[in-house]
Amino acid sequence: MTAHRVEPGGPLRGRIRVPGDKSISHRVLMLAALADGMSTIRGLSDGEDVRCTLRIVEALGAEVGRTDDGGLAIRGGNLGPADCSLDVGNSGTGIRLLAGLLSGMDFRSVLDGDESIRRRPMGRVLDPLRAMGAPVEGSGDGSLAPLTVGGGGLSGIEYRLPVASAQVKGCVLFAGLSADGPTTVVEDRLSRAHTEELMAATGIDVARTGEGGLERTTVHPGRPTPFEHDVAGDPSQAAFWAVAASIVPGSEVSVGNVYQGPARTGFVDVLRRMGAEVSHAPDSGDLLVRSADLVGTVVAAEEVPGLVDEVPILAVAAACADGETTFEGVGELRVKESDRLATVESELGRMGVDVHAEDDRLVVRGRPGGAGLRGAHVDAHHDHRIAMSCAVAGLVADGPTTVDGWDAVATSYPGFAEHLAALRGADGGAG
Ligand code: S3P
């Protein structure tokens, strides 16, 4: 396990590009694997989660090569059984989407992952897949990975999501591509819309309607046509720089080409409400941030699907704000890569933040400018977003912070420390 040390220090300045969006990257790989012919993908996430999905589509028979300009060329359309179990690593998105895609295939596959994946709830995808007639099997009490999926013969269903989850929506829509008729997913509140956006862009008959306060997405069976896709920058990674530049006085940062579609940029609205100077440049799509004095806010449960991965880093912003910030309805954070309500409470707590998790709420009592934040020895708990959130908090602490388990960052953002050093200029500051 590696440790990483962050020194507090001066302003962050400059422009960086974050990795390609992780959610989009998983989905374009899966669509390319299904498309009969050659697809080209540029700007794919370089994180370990997406590398696992790439290895899996290759193991299933997709031919993967490089384009002259460093992109990825994938010839799909001819998937067959792999000769071993498919390892998603740490990726909940990988395992849940692939469970849907592979359920529709006429061969069986075993999907497995690391210890964290083996603890995370899979019943939420096994239930709708069973309702479609898929012979899926879980382990343990029947709802855990490893999962055995595949066999085809799926029926189209209408499924109302019991939890707001783009992974479950994506799973059902991917299975719907191999069903015998249309499949509809009903959501109380729109979760990230990458599956349906990318399916539509690759020629699949999929449509979303809003009726009676519900979002309905219907997909018809079919296969994508081969495509070219440039993956936009990941807003969830941009959020670390948005908060870092907001809280470190004198900072001015732009983050290049960030995805701005539905249910991904809720953190920008929350930061603005807190007084942050953050905006999207109308021409370039860059996210522009300047340091500002922050005040506390209430993040309502309805907002959570649009910022679900950004709560840990928003808690860091809240720690540096004047007054209390409450995150309502954030119970889903308990079943992420770590129990993020517990790990935010324990690790930011070690750094002197007044933060408490109660059932499905998180309450942070901030101090202007992060006064009282102390450098500490913290633990990532195998969770990339906890590691990076603590590193950002360390920028305004009163001494060095050491993050144990820093290797978790490679899951989504292997270049985070280099980007931090670049934004801090020649003196670096991050060891
Ligand atoms: C994702 C959906 C979200 C998010 C995850 C990526 C996706 O998970 O937390 O990082 O790509 O569909 P849930 O579907 O569990 O909310």
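Residues numbered from 1 in each chain as written. Predicted model: local features only at pLDDT ≥ 70, side-chain atom pairs only at ≥ 80, totals over all residues. Heavy atoms only, no water.

Caption draft 1: Region of interest: the domain arrangement of the protein. One can read the domain layout of the protein as domain 1 (3–19 + 234–424) and domain 2 (22–141 + 154–219). Taking only C-alpha atoms into account, the centre of domain 1 sits 28 Å from that of domain 2. With 21 residues of domain 1 in contact, the opposing surface of domain 2 contributes 22 residues. Both sides of the domain 1 and domain 2 interface together cover about 1,800 Å² of buried area, and 49% of this is carbon and sulfur. Where domain 1 packs against domain 2, one counts 3 salt bridges. With a shortest N-O distance of 3.2 Å, Arg 192 and Asp 309 are connected by a salt bridge. Counting across the interface, domain 1 meets domain 2 through 11 residue pairs in polar contact (both at pLDDT 80 or more). Among the residues making up the side of domain 1 that touches domain 2, the classes are represented as 9 nonpolar, 4 polar and 8 charged. (Domains from an automatic or database assignment. Contact = heavy atoms within 4.5 Å. Buried area = accessible area lost by both parts, 1.4 Å probe. Salt bridge = Lys/Arg side-chain N within 4 Å of Asp/Glu carboxyl O. Polar contact = N/O pair within 3.5 Å; in protein donor to acceptor, adjacent residues only side chain to side chain. Nonpolar A, V, L, I, M, F, W, Y, C, P; charged D, E, K, R; others polar.)

Caption draft 2: Highlighting the environment of Gly 89. Checked against the element boundaries, Gly 89 lands in the loop between strand 6 (86–87) and helix 3 (92–103). Contact partners of Gly 89, with chain neighbours within four places excluded, come to Cys 52, Asp 112, Gly 113, Asp 114 and Ile 117. (Helix = DSSP H or I, 4+ residues; strand = E, 2+ residues; numbered from the N terminus.)

Caption draft 3: Quick look at the sheet that holds strand 11 (residues 183–187). Taken together, 4 strands build an open sheet; the order of strands is 10-11-13-12 and the sheet is mixed. Each having just a single partner strand, strand 10 (158–160) and strand 12 (206–211) make up the two edges of the open sheet. When the angles between neighbouring strand axes are averaged without regard to direction, this sheet yields 20 degrees. The sheet contact formed by strand 10 and strand 11 spans 3 bridges and is parallel. Bridge pairing in strand 11 links Glu 158 to Thr 184. In this fold helix 6 (residues 166–176) packs onto strand 10, strand 11 and strand 13 (214–219), with an angle of close to 170 degrees to the strand it touches most, strand 11. (Pairing = 2+ DSSP bridges. Axes fitted to C-alpha atoms, helices over the stretch in contact; angles between N-to-C directions.)

Caption draft 4: Broad picture of the sheet that holds strand 16 (residues 277–280). The strand order across the open sheet formed by 4 strands is 2-15-17-16, and the pairing between neighbours is mixed. Each of the sheet's edge strands pairs with one partner strand only, and the pair in question is strand 2 (13–16) and strand 16. Mean inter-strand twist for the sheet, computed between neighbouring axes without regard to direction, equals 10 degrees. Examined bridge by bridge, strand 15 (residues 252–255) and strand 17 (residues 287–290) share 4 bridges and lie antiparallel to one another.

Caption draft 5: Molecular detail of the side chain of Thr 401. Summarising the element assignment, Thr 401 is placed in strand 23 (residues 401–404). Sequence-distant contacts of Thr 401, defined by excluding residues within four places in its chain, comprise His 4, Arg 5, Val 6, Met 351, Gly 375, Ala 376, Val 378, Cys 390 and Gly 394.

Caption draft 6: Examining the pattern of salt bridges more closely. All chains considered together, the criterion is met by 32 salt bridges. Glu 7 is the salt-bridge partner of Arg 5, the closest N and O atoms lying 2.8 Å from each other. Given a relative accessible area of 43%, Arg 5 falls into the partly exposed group. With a relative accessible area of 27%, Glu 7 lands in the partly exposed category. Across the pair Arg 290 and Glu 277 runs a salt bridge whose closest N-O atoms are separated by 3.3 Å. Of the two residues, Arg 290 sits in strand 17 while Glu 277 sits in strand 16, which places them 13 residues apart along the sequence. Take Glu 277: its relative accessible area is 41%, and that puts it in the partly exposed class. Via salt bridges that share partners, Arg 120, Arg 192, Asp 309, Glu 337, Arg 340, Asp 383 and Arg 385 belong to a single interconnected network. (Buried < 20%, exposed > 50% of the residue type's maximum accessible area, 1.4 Å probe, protein only.)

Caption draft 7: Quick peek at the site of the ligand. Close to the ligand lie Ser 23, Arg 27, Thr 93, Ala 164, Ser 165, Ala 166, Gln 167, Arg 192, Val 308, Asp 309 and Lys 336, which account for all nearby residues. With respect to the ligand, the backbone of Ala 166 contributes an N or O atom lying 3.0 Å from an oxygen atom. For the ligand, whose unbound accessible area comes to 390 Å², protein coverage reaches 95%. For the shell around the ligand, the secondary-structure elements that each account for two or more residues are helix 1 (22–34) and helix 6. Its residues assigned to classes, the shell around the ligand comprises 3 nonpolar, 4 polar and 4 charged. For the shell around the ligand, the two domains that each supply at least three residues are domain 1 (3–19 + 234–424) and domain 2 (22–141 + 154–219). (Near = heavy atom within 4 Å. Areas by Shrake-Rupley, 256 points an atom, 1.4 Å probe, with all protein chains shown as cover.)

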